[in-house]
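Descriptive structure summary
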Amino acid sequence: MRILVLSDIHANLEALDACLASAPSFDSVVNLGDIVGYGASPNEVTERSRQLGKIFVRGNHDKAATGVMELDDFNPMAAAAALWTRKELTDENLEWLRELPHGPISLPDFPQVQLVHGSPNDEDEYVVSLGDALAPLIALNVPLTFFGHTHLQGGFFANGAAADGFRPEYRTVGQPESVALQLKSSTRYLINPGSVGQPRDGDWRAAYALFDTHAQIVHFHRAPYNLKSAQDRIFAAKLPPRLATRLAAGR
Ligand code: ZN
């Protein structure tokens, strides 16, 4: 089975479309949350996500935009985007986003795989460094956890006393590209497919992953998308302009 792993789409329809257009064939889709927030296409992205799959965990921006969470921890730009998104969403999409489940959840046919937004211990925690990853890696009772939230593609692994982080290394900056990671037995992994719609690892291309359950390979992907169209929508919506300009830098 080939599972498309999407995270942090952030209402960027152009980026989502580019991922779907460039992805090799897949059997199902899982979504690690932050479907909305920042970008200017919350209804289109929510509806597309609902059509694509049935397996979701909620992200902090999904909670903020739907009033499940206070905006106290959000910077002014993120809070402005959350309030705009709340006004923009249809009642049906707002209700659907509000009901998204808390992670971790396990894949129905693959109990050895779990999905979270932030970390297995706390859905809002950022796992950025190996130091952040060690506690969850040690405590994990499943070999493979997909997580999002940091918008940094790559991840961490632990095998016995050894642990390390990794980032896929790409050769181009503007082409569709993929890097494969062969999973090893007796090793625990925390893997971030990267952010579809707001990458923050210095690469502007939309990020996603494809997990081949049979071969036990995670393919990391980057897909160029129509950046200008996504930016123009953000300007037209009168969202904070930096939400548009920072897309070009992938920061
Ligand atoms: Zn996010």
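Read on for a plain summary of the structure. Since we're looking at a predicted model, the values are computed, not measured. (Residues numbered from 1 in each chain as written. Predicted model: local features only at pLDDT ≥ 70, side-chain atom pairs only at ≥ 80, totals over all residues. Heavy atoms only, no water.)

Description of the coordination of the zinc ion
Listed as protein donors to the zinc ion are Asp8 (OD), His10 (NE2), Asp34 (OD) and His151 (NE2); their distances from the metal cover 2.1 to 2.2 Å. Note that the zinc ion binds 4 donor atoms; their angles at the metal cover 86 to 176°, and the shape is irregular. Motif for the zinc ion, donor spacing along one chain: D-x1-H-x23-D-x116-H. With Asp8 in the loop between strand 1 (2-6) and helix 1 (13-22) and His151 in the loop between strand 6 (144-146) and strand 7 (154-159), this residue pair connects regions lying 143 residues apart in the sequence. On the accessibility criterion, Asp8 (0% relative accessible area) is buried. In this structure His151 comes out as buried when scored by relative accessible area, which is 1%. (Donors = N, O, S within 2.8 Å, 3.2 Å for Na, K, Ca; no water. Tetrahedral: all angles 85-135°; square planar, octahedral: opposite > 155°, others 65-115°. Helix = DSSP H or I, 4+ residues; strand = E, 2+ residues; numbered from the N terminus. Buried < 20%, exposed > 50% of the residue type's maximum accessible area, 1.4 Å probe, protein only.)

As for unusual backbone geometry
Of note, the amide linkage connecting Gly103 to Pro104 takes the cis form, showing an omega dihedral of -5°. Locating Pro104 in the fold gives a position in the loop between helix 5 (91-98) and strand 4 (105-107). In this structure, His10 is a non-glycine residue whose phi angle is positive, near 50°. By the element assignment, His10 lies in the loop between strand 1 and helix 1. Even without being a glycine, Ala11 presents a positive backbone phi close to 55°.

Description of helix 1
When we look at burial in helix 1, the residues that qualify are Leu13, Glu14, Ala15, Leu16, Ala18 and Cys19. Contacts from the buried residues of helix 1 go to strand 1, helix 2 (42-52), strand 11 (206-212), strand 12 (217-223) and helix 7 (227-236). Where helix 1 begins, one side-chain oxygen reaches toward the backbone nitrogen of Glu14, 3.4 Å away; that side chain belongs to Asn12. (Contact = heavy atoms within 4.5 Å. Polar contact = N/O pair within 3.5 Å; in protein donor to acceptor, adjacent residues only side chain to side chain.)

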